[in-house]
Structures are given as structure tokens and as C-alpha cells.
Amino acid sequence: MPSTLPDTRMDEDIIEISDSEREDNSSNSDMDVEITGVDVGTGVQVVPPSQQSPQPADIDVKLTAEEIVPKDAATIAEEKKKLGNDQYKAQNYQNALKLYTDAISLCPDSAAYYGNRAACYMMLLNYNSALTDARHAIRIDPGFEKAYVRVAKCCLALGDIIGTEQAIKMVTELNSQSTAVSGEQSAVQKLRQLETTIQSNYDTKAYRNMVFYLDSALKLAPACLKYRLLKAECLAFLGRCDEALDIAVGVMKLDTTSADAIYVRGLCLYYTDNLEKGILHFERALTLDPDHYKSKQMRSKCKQLKEMKENGNMLFKSGRYREAHVIYSDALKIDENNKDINSKLFYNRALVNTRMGNLRDAVTDCSRVLELNSQYLKALLLRARCYNDLEKFEESVADYETALQQEKSSDIKRLLREAKFALKKSKRKDYYKILGIGRNASDDEIKKAYRKKALVHHPDRHANSSAEERKEEELKFKEVGEAYAILSDARKKQRYDSGQDIEEQEQADFDPNQMFRSFFQFNGGGGRNSSFNFEF
């Protein structure tokens, strides 16, 4: 792709050399002038200096041609320009710039001087000043082809497609054979195509694609502030606020009144949950440009989110959980791109769900938080606690282990130990669940539960069932007996509840039928030798 920067070599395409520079002025520039003969007016003979007697030290009669005939402004300007050309060739552009400026101040009607200074500004990447000089040169000399070339280069660098095309057209009209702007002609066509693609991606919110295409556009138009700020806006939408802020601040150094730059900075504050300062920036942008549509939208969105967050927090603290749930849910609909704020809103709603007993919904909300921000420790710990309460102990242990990697605190270590212990307990038979009772069941409730379950699963009741069904019921009958044997014994129950393992020998000696007979013999009436009959 042709470069849009001017050629750093000093050639005829950049610097204008006047005919007077080609003349040799050395014969009269610094020559001493000696005068001999007779003064016509007085008749006094003039003695050459070499033949005169010494003069006092404070009298100097040695004169130069310049002192006799002073140089005019145009001659000095040409000399300044020539010195500027030398500095330009040596790539000392700041020095060259000063010399060209001196030439212009001496001879402000020279198109060539403005053209040379424009070239110098271009090398210093000051395209706006270069464009101003090039256009001034054209006003002085409308047929100055090289000035139009520089206008085309500057407009392209600044992203001014129309200005570039108009300048190219003028070059062609002045010289149909010129190839000086062929590179710019190709580049401006590509830039126009890129602008169409960028706009279509902006309309569909394809911000990643936009960043790619804007980088391509900035290679063609490196000084285009519009492209820079549009890229910064997309980076903010993508959550890359540090990069976006750097671009916005850079533009503000060039133009403190750029409403677009202030808008982007406000956007970065908004997406990092600094709503108050974001609102101030959007209002500042609207002060500079009352019709700045994006700032109007974002100011409204900022204020709405701030108000809803504060209302939801107030309702939560006052115990009005259902109302808080509604507020947080509505706030989450405002801007799906604001990951920072939304992660906090999801976490707050998860807390509300735990207070309302909606543990599964709380887990879902915590998972959404971690999708937005995997380092959100509070959400990870809350989900681990919910998993534990839902008796999903493996998931709880996994979350606590992840949390411990993020923060090696004593509290998290303790929670992890407790979760692992609960997981170990969960892998044993849940005797409370087998009997269908709670962990705080009384002795009478345990007895009633055993009576009911034992009668349901007694093998005699399923004598006419299939072999597979009989085997399944026998297993359940045995489990019911095991559960009663443990939970009806105070010592064993205490060990079971504390998570200790029940001795395998004790379990091996257990006979569910003996347990059944003993229970109904001593709890169902009749003496030791009496028979106890019941109907299924």
C-alpha cells in the first residue's frame, strides 16, 4: 500500500528552488570595496586604503558592497529559504520550519515558501498546519500543482475523504499525466470502502470487527481523530477501558474541546461503575455540543442505573426482598454490555434469593456473576455456600478450592475443611433420609418412622412379587433396620451425627429380621413368649 507520509528526501517534488538561487552571488556578497582616483565633486585625490596612513582604532573606513547597497527583503527571504532547504535535507525539520517561517514573514506572498513549510509540517506529522499552509499557497497561486498534492496527502492523513478526492481532481485537471497522487487515489478508495464496512458493523454492535477495520483505516489515515475515538468507543464497549481511556486522553491533549473525547472518557467511567463521574463527563460533552446524541443517551442510562442500584440496596437493607428482587432484575435489563455493574447486580440479586430461600436461583445468579468476572470472590463463596445447603457437596468443595487459590485466608481454609467433611458424610448412607425424617427428629418420631417403613418393606409383604422386586424390597428392609439401629442408640447416633465412621463389625453383626421381631415384641404388646400377628 502506498505510504501516506511525505518523502523524507529533499527533492524537487517537495522544495521549491527559485532561479535566483542558481545564480552565483559570491562576486558581490562579502567583497571588500577599494576606491581610488579623484573625487569628482571636490577634486580631492582619494588614496587607496593600502596607501593610507593608519587611522585611529575607533574609525573603520572598510566598507562592503552590502553596506553600500543593502539587501532587499526578497533576497534575504531567498537566503532563508535556501538555508531551510539545507536543514530539511539534513532532516532537521524544526530548524527548517523556523527558517521557512522567517522567509514567509519577509515575503508573505510567496506560494513556494508556504509550500515548503507545508512539507516540513508534514514531516513533523502536523497535518492540520501543513494543510493550512498548502491551501494558503493555492490561494496565492491557484495553479500550484504541488500544493494540491500536499492538500491531498494531508486530507488523506486526516481522514477527510471528500477533501482528498477534490484535491486529486485538481491535480488531474492541472496535469492529466501526473502520477503524484496515484497512491492517494488508491488509498482514498479503500478508505471509503472501509467506512461503509465500519458503519455496518457499528449498526450491528460488532465491536470486535470494528476495532479490526478501524486499525486498517488508521494505517491509511493515521491522524484521523474520528477513527481514533470511534476505536476507543468500541474498546470501552468491549470492556477494554484502559486502552480506550489512553486514546481519549491523547485526543484531549490535542483538542481540549473535543466533545467526542470527553464522551469516551465518560463511557470508560460508566463501564467501571463510576456513575457519578460518568454523568459529569456526559454533561460536559453536552455543554460543548448540546446536540451530542450519544452523550444524551449515556447520561440518561447512567442516571437510571444509579437510581435503581441505590433503591435496590435500600430495599434489601430494609428486608423488603421481593421488591429488591424486582428492582435488581429491571436494572439488569438496562445495559447488557456493562459487565462491571451487571456482575454486582447479579450478586445482589443472588443475596436476595438466599434470603427468600431460592437457593437454586441464587446459584444461577452467582454463576452469571462468575461468567462476567471469574475473580469475583464474594460470588464464588456465596455459590459454594448455596451448593452446601443444597447438599451438592462436591460442587461446594470445588468452589471453595477455587476461592482458596484466589485468597489463602484462614476463613476460606476452614470453610473448605467443613465442605470436605460434609462431602465425606454425604457418601455414607443417609439414615435420616432412609427413615424419611429430619435430623432433629425425636426418639418417638424415629420409632414411628421405623414402624411405618419396616411394615412397607417387610419381605413377607412382597412374597408374591417378582424375584427382582423381592430383592429390592429386602435391601430396603435391611437399610431401614440399619437406620433404626444407629439412630435409636444415643452413642451411635452421636458418632454418626458428628461424621465419625460406624465400626464395620457393628454393621456386619446386624440382623434386620431380629431387629424387626424385637421392635414389635417390645413395642407392639405381648410378652416374650407371646406371638405377635399383624396384617399387611
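Counting restarts for each chain, with residues numbered from 1 along the sequence as it is written. A pLDDT threshold of at least 70 governs which residues receive local features in this predicted model, and a stricter bar of 80 or more applies before side-chain atom pairs are shown or counted, although totals over entire chains, interfaces and linings include all residues. Note: side-chain values were computed over all heavy atoms of the structure, leaving out hydrogens and water.

**Details of helix H10 (residues 207–220)**
Residues separated by three or four positions in an α-helix point in the same direction, a consequence of the helix having 3.6 residues per turn. Operational definition: A run of DSSP states H or I qualifies as a helix once it reaches four residues; a run of E qualifies as a strand once it reaches two. Both are numbered from the N-terminal end. Take the number of residues in a helix, subtract one, and multiply by 1.5 Å to get its expected span. Buried residues are those whose accessible area, probed at 1.4 Å on protein chains only, stays under 20% of the maximum for their type, while exposed residues exceed 50% and partly exposed ones sit between those limits. Directions from the helix axis toward the C-beta atoms define the arc. Contacts are residue-level and defined by heavy atoms, with any inter-residue pair within 4.5 Å sufficient.
Its 14 residues place the ends of H10 20 Å apart at the C-alpha level, agreeing with the 20 Å of an ideal helix rising 1.5 Å per residue. If you check which residues of H10 are buried, you get Tyr 207, Met 210, Val 211, Leu 214, Ala 217, Leu 218 and Leu 220. One side of H10 carries all its buried residues, which in axial view fall inside an arc of 165°. Opposite its buried face, H10 presents the exposed residues Arg 208, Phe 212 and Lys 219, each directed more than 90 degrees away. Contacts from the buried residues of H10 go to helix H7 (145–157), helix H9 (182–203) and helix H11 (225–237).

**Notes on the packing of helix H13 (residues 259–271) against helix H15 (residues 293–317)**
Selection criterion: Each axis is a line fitted through C-alpha atoms, taken for helices only over the stretch in contact, and angles between the N-to-C directions span 0 to 180 degrees. Each angle gets one of four labels, with under 35 degrees taken as roughly parallel, over 145 as roughly antiparallel, 65 to 115 as roughly perpendicular, and the rest as oblique. Here is the rule for handedness: rotate from the far helix to the near one, and if that takes an anticlockwise turn smaller than a right angle the crossing is left-handed, while a clockwise turn gives right-handed.
One can describe the packing of H13 onto H15 by two numbers: an axis separation of 11 Å at closest approach and a directional angle of 20°. As judged from the angle between their axes, H13 and H15 are roughly parallel. Remark: the crossing between H13 and H15 carries left-handed chirality. Within the contact between the two elements, H13 uses Tyr 263, Leu 267 and Tyr 270 and H15 uses Lys 294, Ser 295, Met 298, Lys 301, Cys 302 and Leu 305.

**Observations regarding the packing of helix H5 (residues 111–123) against helix H6 (residues 127–140)**
Spelled out, the test is: Residues were grouped as follows: Ala, Val, Leu, Ile, Met, Phe, Trp, Tyr, Cys and Pro as nonpolar; Asp, Glu, Lys and Arg as charged; and all remaining residues, including Gly, as polar.
Interaxial distance between H5 and H6 falls to 8 Å at its minimum, and their mutual angle equals 165°. As far as their axial angle goes, H6 and H5 are roughly antiparallel. In the packing of H5 onto H6, the handedness of the crossing is left-handed. Contact residues: Ala 111, Tyr 114, Gly 115, Arg 117, Ala 118, Tyr 121 and Met 122 in H5; Tyr 127, Ser 129, Ala 130, Asp 133, Ala 134, His 136, Ala 137 and Ile 140 in H6. For the contact of H5 with H6, the per-class residue count stands at ten nonpolar, three polar and two charged.

**Details of the nonpolar core**
Test applied: By nonpolar core we mean a set of buried residues, namely Ala, Val, Leu, Ile, Met, Phe, Trp, Tyr and Cys, connected to one another through side-chain atoms within 4.5 Å.
In terms of nonpolar packing, the biggest core is built from 124 residues, with Tyr 88, Leu 191, Tyr 227, Leu 267, Tyr 270 and Leu 305 touching the most fellow members. In this structure, Leu 267 is in contact with Glu 233, Ala 236, Phe 237, Phe 282 and Met 298, ignoring residues within four places of it in sequence. Grouped together as the second largest cluster of nonpolar side chains are 22 residues, Ala 483, Ala 485, Ile 486 and Phe 516 included.

**Things to note about H15**
When the terminal C-alpha atoms of H15 are compared, their 37 Å separation across 25 residues agrees well with the 36 Å that a helix rising 1.5 Å per residue should span. Along H15, the residues that are buried comprise Ser 295, Met 298, Cys 302, Leu 305, Met 308, Lys 309, Gly 312, Leu 315 and Phe 316. Summarising the contacts, the buried residues of H15 are in contact with H13, helix H14 (275–288), helix H16 (321–331) and helix H17 (339–356). After H15 finishes, the residue Gly 319 shows a positive phi value of roughly 80°.

**Focus: unusual backbone geometry**
When glycine is set aside, most residues are seen to have a negative phi, and most peptide bonds are trans. With phi around 65°, Leu 125 is a residue other than glycine that occupies positive phi space. Mapped onto the secondary structure, Leu 125 falls in the loop between H5 and H6. If you check the backbone angles, Asp 273 has positive phi at about 60° while not being a glycine. Within the secondary structure, Asp 273 sits in the loop between H13 and H14. A residue is classified by how much of its surface remains accessible, and Asp 273, at 18% relative accessible area, is buried.

**Some remarks on the state of the cysteines**
Spelled out, the test is: The criterion for a disulfide is a pair of cysteine sulfur atoms lying within 2.5 Å.
Under the definition given, this model contains zero disulfides. Not engaged in a disulfide, the cysteine Cys 154 finds its nearest cysteine sulfur in Cys 155; these two sulfurs lie 7.0 Å apart. With no disulfide partner, Cys 386 has as its closest neighbouring cysteine sulfur the one in Cys 366, 5.6 Å distant.

**Focus on the pattern of salt bridges**
Put simply, the rule reads: We count a salt bridge whenever a side-chain nitrogen from Lys or Arg sits within 4 Å of a carboxyl oxygen from Asp or Glu.
In the structure shown here, the tally under the stated rule is 26 salt bridges. With its nearest N and O atoms 2.7 Å apart, the salt bridge here joins Asp 215 to Lys 231. Pair noted here: Asp 215 is in helix H10 and Lys 231 is in helix H11, with a separation of 16 residues, a long-range link. For Lys 306, the salt bridge is made with Glu 310, and the minimal N-O distance between the two is 3.1 Å. Here Lys 306 pairs with Glu 310, and both are found in helix H15, just four residues apart, close to one helical turn. The class of Lys 306 is partly exposed, set by a relative accessible area of 26%.

Remember that the coordinates give geometry; whether it matters functionally is a separate question.
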